[in-house]
Amino acid sequence: MTTPALLPLSGRRIPTLSPGASSFPHHRATLRLSEKFILLLILSAFITLCFGAFFFLPDNSKHKRFDLGLEDVLIPHIDSPKEGKHASGQVVIHGQGAHDEHRHREEEESLRDKIRADHERALQEAKEKLRKSREDLQAEIQTEKNKVIEDLKKKDAGPKPLPPVPMPKVVGVNDGEPLEPDVKEKRDKIREMTKHAWDSYRQYGWGHNELKPLAKKGHSTNIFGNSQLGATIVDALDTLYIMGLHDEFKDGQEWVEQNLDFGVNAEVSVFEVNIRFIGGLLAAYYLSGQEVFKMKAVQLAEKLLPAFNTPTGIPWAMVNLKSGVGRNWGWASAGSSILAEFGTLHMEFVHLTYLTGNPAYYQKVMHIRKLLAKMDRPNGLYPNYLNPRTGRWGQHHTSVGGLGDSFYEYLLKAWLMSDKTDTEARKTYDDAIEAIERHLVRKSNGGLTFIGEWKNGHLERKMGHLACFAGGMFALGADGSPDDKAGHYLQLGAEIAHTCHESYDRTVLKLGPEAFKFDSGLEAVAVRQNEKYYILRPEVIETYWYMWRFTHDPKYRQWGWEAAQAIDKYCRVSGGFSGVKDVYSSNPTYDDVQQSFFLAETLKYLYLLFSSDDLMPLENWVFNTEAHPLPVLHLGNITLPGSEPAQR
């Protein structure tokens, strides 16, 4: 689920790739030393050592003053007993009188002997150098050059190999063919739609972040800066693999291997890059076993870490991949960070710590959790804005749609991904959902259950398309609910699914608007013109899939097929798929953007809806908020570096 405010504000500029210039030729130039200069260096070193021996041999009084200064600074003096702790942790004894004087003299003599030995060794080496022939000197110089060059090559070779870790259990990653011929036919249609979207991007937008399917050229938004990072490629990899489109997957893998470079001077959204790129690369790694995806994910994650360098540890919304400089969106409540953005890192960062052994990733997200746990929450609700400098909430706006959505989702999924051992995450989720149900969930006059938005003590009776994911979340979290409320939350998920289906069914195109109201006699209908658009979003179909998995009620497949047909009829163009600007118009105009999440989420959830349950079983996989599946970590008694032991 993508934070909605990001997309309308997207800039539209053609990205350029400007890799940094190599410094290697500069190093080579510094190695062009003449033999004459080398001899001068040797003689200079010899003379320096001779004079240095004279100046550095300490006299007794100087040494005593130096020694006393160290004790004064490093050794805390205590009265009784006569012991203190040195800064290094060694025990030092004070006040030993004549014994100390004797020890000082021994140390002075030892120091003189060492300097004499070093001096004589250097003198001997200088003599040997002067005896060597010109050819021998040239050979030595060349050897030193080669050593420096090899060191530079090793430095440029990239990070060290990652530590070996057990591969989590990977099951149900392909096939899933349904038994019913009509369902198989629908699934084949979804695969064909995916191939059309991918082939169009391959032909017209390859390497760009997204595609303009009418203009038939590449497209990028401000969430990716001025970069060509191939967001659609990375986002689509696991979808292609799950659908058995292995030639297409191979093309994507080759592009990642040869072209995906994170050393670009580009300011990107930490949240979007995490869920799309790191999530997509990790999922591709777990599905295919190809190491390149893991390595790329780790390289990118290192580029995101500087975003956490704030007074509170709450990350900036954006970070420059090259400089590491971060900042927040200007429109976000006086420079605040956004709940759905800094709260949607846990799944990916836990897997990064698991795969790398680096505790930093796990510690960053746990620090965020602990900070939030200490804060007061108005009515038990989490406001959408938090200032990373002061640690205070921004304006009191709470939403389960844009700006808040995936924070709640990741609390639940942290518990699921930990093999249900992260009970702290589960408790935090349960408390948050209880407050949401008490203050935000309402029934309309027509009997539709919806989730409103809390703004400064007032409930706005409006629900966003993004909030429609919550039906699936309630169903996914039903098992394990406190007070035997599993049936209640499954029913709540079904009611949200029904409301969101109504928002689709009450339009001309049978596609849902971006937001819809429940007042003034209008229910599940968009009122404002700027809320009537559909940009290939997945959230409603996501909820259909979860509800199908948990209930097998055929209406969810029927509703999903209605949406698939509407997308194919009204959003399909010769160059791919486009969003539409008004779902209530029989002659829709296009926004001319094929979003990367259309391949990552919308088409994947449709495909899974018409597959058997043994494809990506929920006992083994947890889907991140961009629909990238990550395996459950059956850690048992194993603890992540920097974590506390898991508690069941």
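Residues numbered from 1 in each chain as written. Predicted model: local features only at pLDDT ≥ 70, side-chain atom pairs only at ≥ 80, totals over all residues. Heavy atoms only, no water.

- In the nomenclature of an unreviewed UniProt entry, the protein is known as alpha-1,2-Mannosidase of Scomber scombrus.
- Listed in UniProt under the heading Sequence similarities (unreviewed entry), the comment for the protein reads: "Belongs to the glycosyl hydrolase 47 family."
- Among the UniProt annotations of the protein, the heading Pathway (unreviewed entry) holds the following wording: "Protein modification; protein glycosylation." (UniProt positions renumbered as here; feature names shortened; annotations may be inferred.)

1. Details of the sheet that holds strand β7 (residues 326–327)
And then number 1: On the basis of which strands lie adjacent, the open sheet formed by three strands has the order β5-β6-β7 and antiparallel pairing. Each having just a single partner strand, β5 (267–269) and β7 make up the two edges of the open sheet.
And then number 2: Two strands pair when backbone bridges link them, and β5 and strand β6 (residues 318–320) are joined in this way by three bridges, in the antiparallel orientation. The partner of Val-268 across the bridge, within β6, is Val-319. (Pairing = 2+ DSSP bridges. Helix = DSSP H or I, 4+ residues; strand = E, 2+ residues; numbered from the N terminus.)

2. Focus on the pairing of strand β17 (residues 522–525)
And then number 1: Two strands pair when backbone bridges link them, and strand β16 (residues 515–519) and β17 are joined in this way by three bridges, in the antiparallel orientation. Note on β17: the bridge partner recorded for Lys-517 is Val-525.
And then number 2: Connecting β16 to the antiparallel partner β17 that follows it, the hairpin turn spans two residues, and Ser-520 within it adopts a positive phi of roughly 55 degrees.

3. Comments concerning the packing of aromatic side chains
And then number 1: Applying the stated criterion across every chain, the model contains 26 aromatic pairs.
And then number 2: Ring plane angle 50 degrees and centroid distance 5.8 Å describe the contact between Phe-308 and Phe-349, whose orientation is recorded as tilted. Residue Phe-308 is located in the loop between α10 (291–304) and β6, and its partner Phe-349 is located in helix α12 (residues 346–356); the two are separated by 41 residues in the primary sequence. Phe-349 matches Phe-308 in its accessibility class, with the two residues each being buried.
And then number 3: Ring geometry for Tyr-382 versus Tyr-408: centroids 6.4 Å apart, planes at 70 degrees, classification edge-to-face. With Tyr-382 in the loop between α13 (360–374) and β9 (385–386) and Tyr-408 in helix α14 (residues 405–417), the pair connects residues that are 26 residues apart, well separated along the chain. Accessibility classification places Tyr-382 together with Tyr-408 in one group, the buried group.
And then number 4: Three or more aromatic residues joined by ring pairs make a cluster, and in this case those are Tyr-382, Trp-393, Phe-407 and Tyr-408.
And then number 5: Positioned above the aromatic ring of Trp-206, the side-chain terminus of Arg-202 is 4.0 Å from the ring centre. (Phe/Tyr/Trp six-rings, centres within 6.5 Å; stacked < 30°, edge-to-face > 60°. Buried < 20%, exposed > 50% of the residue type's maximum accessible area, 1.4 Å probe, protein only. Lys NZ or Arg CZ within 6 Å of the ring centre and 35° of its normal.)

4. Quick word on the state of the cysteines
Note on terminology: a disulfide is the covalent bond linking the sulfur atoms of two cysteines.
And then number 1: Taken as a whole, this structure holds one disulfide when the rule is applied.
And then number 2: Here Cys-468 engages in a disulfide with Cys-500; their sulfurs sit 2.0 Å apart. Its S-S torsion of about -95 degrees marks the bond between Cys-468 and Cys-500 as left-handed, since a negative value means left-handed. With Cys-468 in the loop between β15 (462–464) and α16 (470–476) and Cys-500 in helix α17 (residues 486–505), this pair connects stretches of sequence that are 32 residues apart. (Disulfide = S-S within 2.5 Å.)

5. Description of the pattern of salt bridges
And then number 1: Counting across every chain of the model gives 30 salt bridges.
And then number 2: When the shortest N-O distance is used, the salt bridge between Lys-510 and Asp-505 registers 3.6 Å.
And then number 3: A salt bridge links Glu-514 to Arg-537, with the shortest nitrogen-to-oxygen separation between them at 2.9 Å. Here Arg-537 lies in the loop between β17 and α18 (539–551) and Glu-514 lies in the loop between α17 and β16, a separation of 23 residues in the sequence.
And then number 4: In this structure Glu-514 comes out as buried when scored by relative accessible area, which is 9%.
And then number 5: Given a relative accessible area of 1%, Arg-537 falls into the buried group.
And then number 6: Shared partners join several salt bridges into a network, and the residues in it are Lys-189, Glu-192, Asp-568 and Arg-572. (Salt bridge = Lys/Arg side-chain N within 4 Å of Asp/Glu carboxyl O.)

6. Let's talk about helix α19 (residues 554–570)
And then number 1: When the terminal C-alpha atoms of α19 are compared, their 25 Å separation across 17 residues agrees well with the 24 Å that a helix rising 1.5 Å per residue should span.
And then number 2: The complete set of buried residues in α19 reads Tyr-556, Arg-557, Trp-559, Gly-560, Ala-563, Ala-564, Ala-566, Ile-567 and Tyr-570.
And then number 3: Looking at the packing, one finds that the buried side of α19 touches α6 (181–204), α17, α18, β18 (572–573), β19 (576–577) and α20 (596–609). (Expected span 1.5 Å × (residues − 1). Contact = heavy atoms within 4.5 Å.)

7. A short note on the UniProt feature "active site" (unreviewed entry) in the protein
And then number 1: Taking the numbering used here, the UniProt-annotated feature "active site" (unreviewed entry) corresponds to Glu-272, Asp-405, Glu-514 and Glu-539.
And then number 2: When you line up the elements, Asp-405 lands in helix α14.
And then number 3: Residue Asp-405 is classed as buried on the basis of its relative accessible area, which comes to 0%.
And then number 4: Structurally, the position occupied by Glu-539 is in helix α18.

8. A look at the packing of α17 against α18
And then number 1: It is at 10 Å that the axes of α17 and α18 come closest, and there the two elements cross at 140 degrees. On the basis of the axis angle, α17 is oblique to α18. Classified by chirality, the crossing of α18 by α17 is left-handed. Residues Leu-490, Gly-493, Ala-494, Ala-497, Cys-500, His-501 and Tyr-504 of α17 form the contact with α18, whose participating residues are Val-540, Thr-543, Tyr-544, Met-547, Phe-550 and Thr-551.
And then number 2: Here the residues of the contact of α17 with α18 sort into nine nonpolar, four polar and no charged. (Axes fitted to C-alpha atoms, helices over the stretch in contact; angles between N-to-C directions. Parallel < 35°, antiparallel > 145°, perpendicular 65-115°, else oblique. Left-handed = near helix turned anticlockwise from the far one by under 90°. Nonpolar A, V, L, I, M, F, W, Y, C, P; charged D, E, K, R; others polar.)

9. Focus: the nonpolar core
Note that soluble globular proteins tend to have their nonpolar side chains buried in a common cluster.
And then number 1: Residues Phe-277, Ile-451, Met-463 and Phe-474 are the most contacted members of the largest nonpolar core, which totals 167 residues.
And then number 2: In terms of residues, this core owes the most to one element, helix α9 (residues 270–288), which gives 12 residues.
And then number 3: For Ile-451, the residues in contact, after removing those within four places along its chain, are Val-400, Ile-436, Leu-440, Val-441, Lys-462, Met-463, Ala-467, Ala-470, Phe-474 and Ile-496. (Core = buried A, V, L, I, M, F, W, Y, C linked by side-chain atoms within 4.5 Å.)

10. Here's the deal with the packing of α6 against helix α7 (residues 231–242)
Packed helix pairs are characterised by how far apart their axes lie and by the angle those axes make with each other.
And then number 1: α7 packs onto α6 with a crossing angle of 150 degrees between their chain directions and a minimal axis gap of 12 Å. Taken together, α6 and α7 sit at an angle that is classed as roughly antiparallel. The interaxial crossing formed by α6 with α7 has left-handed handedness. The residues of α7 that touch α6, namely those facing Thr-194, Trp-198 and Tyr-201, are Thr-232, Ile-233, Ala-236, Thr-239 and Leu-240.
And then number 2: Grouping the amino acids of the contact of α6 with α7 by side-chain chemistry returns five nonpolar, three polar and no charged.

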